[in-house]
Amino acid sequence: MDLLEAKSRIAEALVESIFRRARYRVDRFHTEQFPLRFGREDFSPDFRASLETGTGEPFELLLEVKYRPHIDQFISVENQRGDRSALFAARRHWPTLYFVLVTERPEAGRSCFQALSLAALRTGEPIRTADIVDLKELRIFRHNLEDHEQLIRRIFALLSGATA
């Protein structure tokens, strides 16, 4: 297993933990369909999550988690692709998908855990991420996020030190 794959798996585990701590029921996503692939990369959902809202209807969503060393570079490339972006293709298959990007090196003032709702994507408008706590419909509390940011920085620092 290479370092990128290790960080990707850790990113998935931490996002799952964030949602479980926020009282979501989180299950691995399984489908009979072939995975949605672009190059060697799978853009199919990793998790199905549901949260009881007290209204009788749970809030349900799908989560795709991707580790990226530099989220801004990834988003820039997807913006250049326009409606040919992997994100637009994924939305055609899974309109309730939330794309969660994880990094240990966010831009200044940004979170290690950023997300976007594929349902909110609009053709011709730039793709933008939001810190996961800023997507109010997700009901993720800041202290939950901060705890996981500390974890990711510690774990990834250990991994980087181990490979030096």
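Quick caveat: nothing in here was measured; it's all calculated off a predicted structure.

Participant: Go over the nonpolar core, please, and point to the residues and values.
Facilitator: In terms of nonpolar packing, the biggest core is built from 30 residues, with F19, Y24, F113, I132, L138 and I140 touching the most fellow members. Listed by contribution, the elements that provide at least two residues to this core are α1 (3–21), β4 (47–51), β5 (59–67), β6 (97–102), β7 (113–117) and α4 (142–163). For this core, the leading source of residues is α1, giving five residues. Judged by nonpolar contacts, the second largest core, of 16 residues, contains I75, W94, L97 and F99.

Participant: Could you give an account of the sheet that holds β5, with specific residues and numbers?
Facilitator: Strand order across the open sheet formed by six strands is β1-β4-β5-β6-β7-β8, with mixed pairing between neighbours. The sheet is open, and its two edges are formed by β1 (25–28) and β8 (130–131), each paired on a single side. Sheet topology places β1 next to β4; four bridges connect them, and they run antiparallel. When the sheet's bridge partners are listed, R28 is paired in β4 with F47. Contacting β1, β4, β5, β6 and β7, α1 crosses the sheet at an angle of about 155 degrees to β5.

Participant: Tell me about the environment of A115, residues and numbers included.
Facilitator: Note on placement: A115 falls in strand β7. Put simply, A115 and R128 are 13 residues apart on the chain and 8.6 Å apart in space, counted from C-alpha to C-alpha. Each residue touching A115, except ones within four places of it in the same chain, is listed here: F99, V100, T129, A130, I132 and L135.

Participant: Explain the layout of surface pockets to me, and be specific about the residues and the numbers.
Facilitator: As a volume, the second largest pocket reaches approximately 180 Å³. Here the lining of the second largest pocket takes three residues from β7, the largest share from any one element. For the lining of the second largest pocket, the residue count by class is eight nonpolar, two polar and three charged.

Participant: Explain the side chain of K7 to me, using residue names and the numbers behind them.
Facilitator: Position of K7 among the secondary structure elements: in helix α1. By relative accessible area, which is 5% here, K7 ends up buried. Here K7 is in contact with Y67, E104, R105, F156, L159 and S160, once residues within four sequence places are set aside.

Participant: Can you explain the packing of aromatic side chains? Please cite residues and give values.
Facilitator: Overall, the coordinates contain four aromatic pairs when judged by the stated rule. On the basis of an interplanar angle of 85 degrees and a centroid distance of 6.3 Å, the ring pair of F29 and W94 is categorised as edge-to-face. With F29 in the loop between β1 and β2 (37–38) and W94 in the loop between α3 (86–93) and β6, this residue pair connects regions lying 65 residues apart in the sequence.

Participant: I'd like to hear about the pattern of salt bridges, residue by residue, with values.
Facilitator: Inspection of the entire model under this criterion finds 11 salt bridges. The shortest N-O distance in the salt bridge between R28 and E12 comes to 3.2 Å. Of this pair, R28 sits in strand β1 while E12 is found in helix α1, placing the two residues 16 residues apart along the sequence. On the accessibility criterion, R28 (43% relative accessible area) is partly exposed. Residues R110 and D131 are paired through a salt bridge, measuring 2.9 Å at the closest nitrogen-oxygen approach. Residue R110 is found in the loop between β6 and β7, and its partner D131 is found in strand β8; the two are separated by 21 residues along the sequence.

Quick notes on the rules
Residues numbered from 1 in each chain as written. Predicted model: local features only at pLDDT ≥ 70, side-chain atom pairs only at ≥ 80, totals over all residues. Heavy atoms only, no water. Core = buried A, V, L, I, M, F, W, Y, C linked by side-chain atoms within 4.5 Å. Buried < 20%, exposed > 50% of the residue type's maximum accessible area, 1.4 Å probe, protein only. Helix = DSSP H or I, 4+ residues; strand = E, 2+ residues; numbered from the N terminus. Pairing = 2+ DSSP bridges. Contact = heavy atoms within 4.5 Å. Axes fitted to C-alpha atoms, helices over the stretch in contact; angles between N-to-C directions. 1 Å grid on protein atoms, 1.4 Å probe; cavity = no way out; pocket = protein on both sides within 12 Å on 5 of 7 lines; lining within 4 Å. Points joined across faces, edges and corners; volume = space filled by probe spheres on them. Nonpolar A, V, L, I, M, F, W, Y, C, P; charged D, E, K, R; others polar. Phe/Tyr/Trp six-rings, centres within 6.5 Å; stacked < 30°, edge-to-face > 60°. Salt bridge = Lys/Arg side-chain N within 4 Å of Asp/Glu carboxyl O.

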